[in-house]
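Here are the chains, one letter per residue:
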Amino acid sequence: GGVKQEEGSWRTAGKKDQKTDYSRWRLKDERGCHTWHYLESDEEVEKWPQSVADKYFMGMDTGLPDLPPAKRPLEAAHNGLEFYSKTQLPPGNWGCEYGGPMFLLPGLVITWYVTNTPIPESHSIEIKNYLFARQHPDDGGWGLHIEGISSVFGTAMNYTTLRLLGADAEDPRMVKARETLWKLGGALNGPHWAKFWLSVLGVLHWDCVNPVPPELWLLPDWVPIAPWKWWIHMRQVMAPMSYVYSRRWSYPLNDLTRQLRSELVPEPFETINFDSRRNTISDADNYHPKTWILRVIFWLLINIWFPFLRTASLKKRAEDHVWWLIEAEDENTSFSNLGPVNGPMNTLASYIRSGPDSYPFREHLKTLPEFLWVKNEGMLMNGTNGVQIWDTAYTIRAVADCGWSEDPKWKPMLTKALEFLEDQQIDAECRDQHECYRQQRKGAWGFSNRKQGYAVSDCTSEGLKAVLTLQTLPDYPTLVPEQRLKDAIDVVLTMQNASGGCASYEPQRGSELLEWLNAAEVFGNIMVEYDYPECTTACITAFHMFQKHYPEYRTEEIKAFKARAIDYIRRAQRPDGSWYGSWGICFTYAGFFALESLACAGETYENSERVRRACHFFLSHQMEDGGWGETYRSCETGEWSQHPESQVVQTAWVVVAMLQAQYPDQEPLRKALRLIVKRQQRNGEWLQEAIEGVFNKSCMISYPNYKFIFPIMALGMYAKRFGNDPLL
Ligand code: LAN
């Protein structure tokens, strides 16, 4: 490895498959910022005892007792909550692993490596353990996400990560991974993002990377393809990527990266024409093939723009402006950054621009660990810096659905959760909001924590609903004053698309035709915001609840918003009665939301043909055992894909959906809940089943707390409707 890296624990080669001592890991939660710590000294271990939550997250014995067996719905919900409540973290929030994507750790580890950042031995060991644990046993490869088939993206990147961390090229598992990679055509058959990272590392040559010109950010706002119109995740990833691309920065070649060249690419390196490999990609990676228009644009950029038209001063102006945007993003998020891709990329950009001792680079190194998580398989990188606000708001809702908001047993837990949400509401706009093209955010909630600072339509709505649910009860203090509730409403009111539906972080800004310029190959629906039944429903229901308490505030606007939003939900229903889900798998998830929206509009099984169609869609997929199960393929293909096993989480979604619809027949729902209760363990927990979440159609992501939240919600709502008679 590089000379400096030897100071850290990059090369733990030879000491194969070490394990750290799991009794030394601790999760620290400071106002919703999560970091994992490995305590080296016995003194520290003594001072900072391991919590039940720590043990649970790492798959250790929690020591939680067996509970009286549950026969009735509320008994099962109670047992579930008894267990789940023990994982509430000190500031009042819930948290969990948020893994699934398999392309995140490589970006982080490559960034650490090329910036000569020492890596703690505990991290190096557990990252390797995780990657080996997630290697596909049959072919030795990795996919885009934990359940996905082996691809070049997954295999080349995770192989590289293991090698950087000291795994031996002759380790049989590495040999097997290489075989699969070569069968797929090697790293030069990888997607854009793989070629980018491997060029940064100096293993591939920049000529094989499709261009990302920073000049795009100099385009006037009216230009239809100007970046401010893109989906925020594309914008914030492409900005640092364009900076690094423009600088063509690569890590100097060393022994290890020279070896990697021959391990990742079957052809002899010297003979490769890199420019001709810009568009070569394996079928396993090519979810969204590039359009011919995009290829023509790339060709023009490479052959005309860069060599003949781009002046040095234009290059500098573009780089300076993109750097300004990167700095603004860093400041507006206190270096948390929007996500796990632009986090490492901004780190790298600040290293290149300002150097290893600069303030931004140092701050990035301190903040990046907030993406990491430790579980029984090792250390992984989360899809965001956590799920804090989202899971906490949903937990409040589930407990309330059981009718337990004022139960003295749960009041301290709920009060803590309310305190957390109060603390995490965003209280000010961004600096240079308009120049950074950021959405209004004062009064909003994000998905993870306030520090990250991105308003999300449905997170704001769920945050608001959770706060209202508790605060409007006489037993609870009014922590969030009226003005701040109205601020939240103001934000939600900015989120509607022209269609009436709602998107995620901002209303749609650019044309859906921009998808023709989607260069990332591995993802779909990535260039602009879309309408989502999930986000739309959260907004509708937030208004609905808010208006019960504050009927006078912006009444007409809210009324118009709701009417148009519900109309969108109606239009988005497919002929078979289903809705396509974008953030959870898949039809069971979206239907759960859509039927709640329709219930808000007074549409139920009895009076609505639409609702009946939706219920029959669900009934036609109910399994023998009473449950529902669809695989992640539903998201990729847009058609129901039957899972061989029923899934507790999806079953709970359908039960809630059918209860919202006021489906008259109790029997199918009772059968479904029997399954949920049978799957419950003696200590009240449910075990992890298939992956629950998705983004951009092709990448899956885990929501481990859903196995508590939604069964508890379903059991509570069922009991409210049909009574608490024994299920079994
Ligand atoms: C998330 C996580 C939460 C999710 C919900 C709130 C559940 C959803 O209803 C709205 C969209 C949102 C906020 C969302 C958007 C995309 C995210 C941030 C993710 C799925 C988590 C990870 C993903 C992000 C894009 C991963 C990085 C990958 C890139 C392609 C940049």
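All figures in this text were calculated on a predicted structure; none of them were measured in a lab. (Residues numbered from 1 in each chain as written. Predicted model: local features only at pLDDT ≥ 70, side-chain atom pairs only at ≥ 80, totals over all residues. Heavy atoms only, no water.)

(A) Structural detail: the overall build of the protein. Assigned secondary structure in the protein consists of 26 helices and eight strands. Viewed in the frame of its principal axes, the protein has a C-alpha envelope of about 75 × 60 × 45 Å. In the protein, buried positions account for 66% of the 728 residues. Partitioning the contacts of the protein with sequence separation of at least 6, the portion at a separation of at least 24 is 74%. When the accessible area of the protein is evaluated, it comes to approximately 25,900 Å², of which 52% is carbon and sulfur surface. (Helix = DSSP H or I, 4+ residues; strand = E, 2+ residues; numbered from the N terminus. Buried < 20%, exposed > 50% of the residue type's maximum accessible area, 1.4 Å probe, protein only. Contact = heavy atoms within 4.5 Å. Areas by Shrake-Rupley, 256 points an atom, 1.4 Å probe, with all protein chains shown as cover.)

(B) Looking closely at a negative patch on the surface. Residues Glu40, Glu43, Glu44 and Glu46 make up a contiguous surface patch of negative charge. Mapped onto the fold, Glu44 is located in helix 1 (residues 42–47). (Patch = residues over 30% accessible without salt bridge, like charges linked within 9 Å, V, L, I, M, F, W, Y side chains within 5 Å. Salt bridge = Lys/Arg side-chain N within 4 Å of Asp/Glu carboxyl O. Lys, Arg positive; Asp, Glu negative; His and termini not counted. Charge placed at Lys NZ, Arg CZ, Asp CG, Glu CD.)

(C) Summary view of the site of the ligand. Of all residues adjacent to the ligand, which total 22 residues, the nearest are Tyr98, His233, Phe447, Asp458 and Tyr505. One of the side-chain nitrogen or oxygen atoms of Asp458 is found 2.3 Å away from an oxygen atom of the ligand. Look at the ligand: alone it shows 630 Å² of surface, and the protein chains cover 99% of it. Mapped onto the shell around the ligand, the elements with two or more residues apiece are helix 9 (232–247) and helix 17 (457–471). Looking at the shell around the ligand, its residues break down into 17 nonpolar, four polar and one charged. (Near = heavy atom within 4 Å. Polar contact = N/O pair within 3.5 Å; in protein donor to acceptor, adjacent residues only side chain to side chain. Nonpolar A, V, L, I, M, F, W, Y, C, P; charged D, E, K, R; others polar.)

(D) View of helix 26 (residues 706–722). Here helix 26 contains 17 residues, and its C-alpha end-to-end distance of 23 Å stays within 8% of the 24 Å for a straight helix at 1.5 Å per residue. Of all 17 residues that make up helix 26, 15 are buried, and the element is covered over most of its length. Once helix 26 ends, the next one or two residues include Gly723, with phi positive near 90°. (Expected span 1.5 Å × (residues − 1).)

(E) Summary view of the packing of helix 21 (residues 587–600) against helix 24 (residues 648–660). It is at 8 Å that the axes of helix 21 and helix 24 come closest, and there the two elements cross at 20°. It follows that helix 21 is roughly parallel to helix 24 by the angle criterion. Relative to helix 24, the crossing made by helix 21 is left-handed. Counted together, Thr588, Tyr589, Gly591, Phe592, Leu595, Glu596 and Ala599 of helix 21 and Gln650, Trp653, Val654, Val656, Ala657 and Gln660 of helix 24 form the full contact between these two elements. Grouping the amino acids of the contact of helix 21 with helix 24 by side-chain chemistry returns eight nonpolar, four polar and one charged. (Axes fitted to C-alpha atoms, helices over the stretch in contact; angles between N-to-C directions. Parallel < 35°, antiparallel > 145°, perpendicular 65-115°, else oblique. Left-handed = near helix turned anticlockwise from the far one by under 90°.)

(F) The arrangement of the UniProt feature "domain: Squalene cyclase C-terminal" (unreviewed entry) in the protein in detail. According to UniProt, the positions carrying the feature "domain: Squalene cyclase C-terminal" (unreviewed entry) are residues 389–719. Across residues 389–719, helical content stands at 48% and strand content at 5%; the span's end C-alpha atoms are separated by 27 Å. (UniProt positions renumbered as here; feature names shortened; annotations may be inferred.)

(G) Representation of the pattern of salt bridges within the structure. Enumeration according to the criterion identifies 45 salt bridges in this entry. The partner of Arg235 in a salt bridge is Glu506, with the nearest N and O atoms 2.9 Å apart. A residue pair is termed long-range when its members are at least 10 positions apart, and Arg235 in helix 9 and Glu506 in the loop between helix 18 (482–493) and helix 19 (533–549) qualify at 271 residues. Comparing Arg235 with Glu506, the two get one shared label, buried. A salt bridge links Asp275 to Arg278; its shortest N-O distance comes to 3.0 Å.

(H) Structural detail: the packing of aromatic side chains. Evaluation of the coordinates by the stated rule reveals 54 aromatic pairs. Ring geometry for Tyr98 versus Phe447: centroids 5.4 Å apart, planes at 35°, classification tilted. Of this pair, Tyr98 sits in the loop between helix 3 (73–84) and helix 4 (104–114) while Phe447 sits in the loop between helix 16 (411–424) and helix 17, and the two are 349 residues apart along the sequence. By relative accessible area, Phe447 is classed as buried at 13%. Taken together, the ring pairs connect Tyr98, Trp390, Tyr394, Phe447, Tyr589, Phe592, Phe593, Trp653, Tyr703, Tyr706 and Phe710 into an aromatic cluster. Directly above the aromatic system of Tyr22 lies the positively charged group of Lys19, at a separation of 4.7 Å from the ring centroid. (Phe/Tyr/Trp six-rings, centres within 6.5 Å; stacked < 30°, edge-to-face > 60°. Lys NZ or Arg CZ within 6 Å of the ring centre and 35° of its normal.)

(I) Expanded view of the nonpolar core. Formed by 233 residues in total, the largest nonpolar core has its most connected members in Phe103, Trp112, Trp193, Phe523 and Phe710. Considering every element that reaches this core, the biggest residue donor is helix 26, with 11 residues. Those residues within four positions of Trp193 in sequence are excluded, and the remaining contacts are Phe103, Phe153, Met234, Val237, Met238, Met241, Val341, Ala520 and Phe523. (Core = buried A, V, L, I, M, F, W, Y, C linked by side-chain atoms within 4.5 Å.)

(J) Highlighting the environment of Phe274. Secondary-structure assignment places Phe274 in the loop between helix 10 (255–264) and helix 11 (292–309). We classify Phe274 as buried; its relative accessible area is 9%. Distance from Phe274 to Thr392, taken between C-alpha atoms, is 49 Å for residues 118 residues apart in sequence.

(K) Expanded view of the pairing of strand 3 (residues 372–375). Residues Leu372 and Val374 point to one face of strand 3 and Trp373 and Lys375 to the other, with burial holding for every one of them. Note that strand 3 and strand 4 (residues 378–381) share four bridges and pair antiparallel. Counterpart to Val374 in the pairing with strand 4 is Met379. Counting the residues in the hairpin turn of strand 3 and strand 4 gives two residues. (Pairing = 2+ DSSP bridges.)

(L) Spotlight on the side chain of Asn332. Counting through the fold element by element, Asn332 comes out in helix 12 (residues 312–332). By relative accessible area, which is 9% here, Asn332 ends up buried. The residues touching Asn332, leaving out its near neighbours within four places in the chain, are Cys430, Arg431, Cys436, Arg438, Arg441, Lys451 and Gln452.

(M) Molecular detail of the UniProt feature "domain: Squalene cyclase N-terminal" (unreviewed entry) in the protein. Under the local residue numbering, the UniProt record ascribes the feature "domain: Squalene cyclase N-terminal" (unreviewed entry) to residues 117–319. Across residues 117–319, helical content stands at 49% and strand content at 0%; the span's end C-alpha atoms are separated by 25 Å.

(N) How the structure looks around the environment of Thr537. With respect to the secondary-structure elements, Thr537 resides in helix 19. Through-space distance from the C-alpha of Thr537 to that of Phe592 is 9.6 Å; in sequence the pair is 55 residues apart. Ignoring any residue separated from it by four or fewer positions in sequence, one finds Thr537 in contact with Ile569, Phe593, Ala594, Glu596 and Ser597. A distance of 3.2 Å separates the side chain of Thr537 from the backbone oxygen of Phe593, its partner in a polar contact.

(O) Region of interest: the state of the cysteines. Tallied over the full model, the rule gives zero disulfides. Just so you know, Cys33 is unpaired, no disulfide at all, and the nearest cysteine sulfur is the one on Cys96, 16 Å from it. (Disulfide = S-S within 2.5 Å.)

(P) Spotlight on unusual backbone geometry. A positive phi angle is found at Asn116, which is not glycine, with a value near 50°. Within the fold, Asn116 resides in the loop between helix 4 and helix 5 (121–133). Owing to a relative accessible area of 21%, Asn116 belongs among the partly exposed residues under this scheme. The phi angle at Asn525 is positive, at roughly 45°, despite the residue not being glycine. If you trace the backbone, Asn525 turns up in the loop between helix 18 and helix 19. For Asn525, a relative accessible area of 28% translates into the label partly exposed.

(Q) Layout of the packing of helix 6 (residues 152–164) against helix 7 (residues 172–183). Viewed as axis vectors pointing N to C, helix 6 and helix 7 meet at an angle of 150°, and their least axial separation amounts to 10 Å. Classified by the interaxial angle, the pair formed by helix 6 and helix 7 is roughly antiparallel. Between helix 6 and helix 7 lies a crossing whose hand is left-handed. Across the interface between the two elements, Val152, Thr155, Ala156, Tyr159, Leu162 and Arg163 of helix 6 pack against Met174, Ala177, Arg178 and Leu181 of helix 7. Among the residues forming the contact of helix 6 with helix 7, the class breakdown is seven nonpolar, one polar and two charged.

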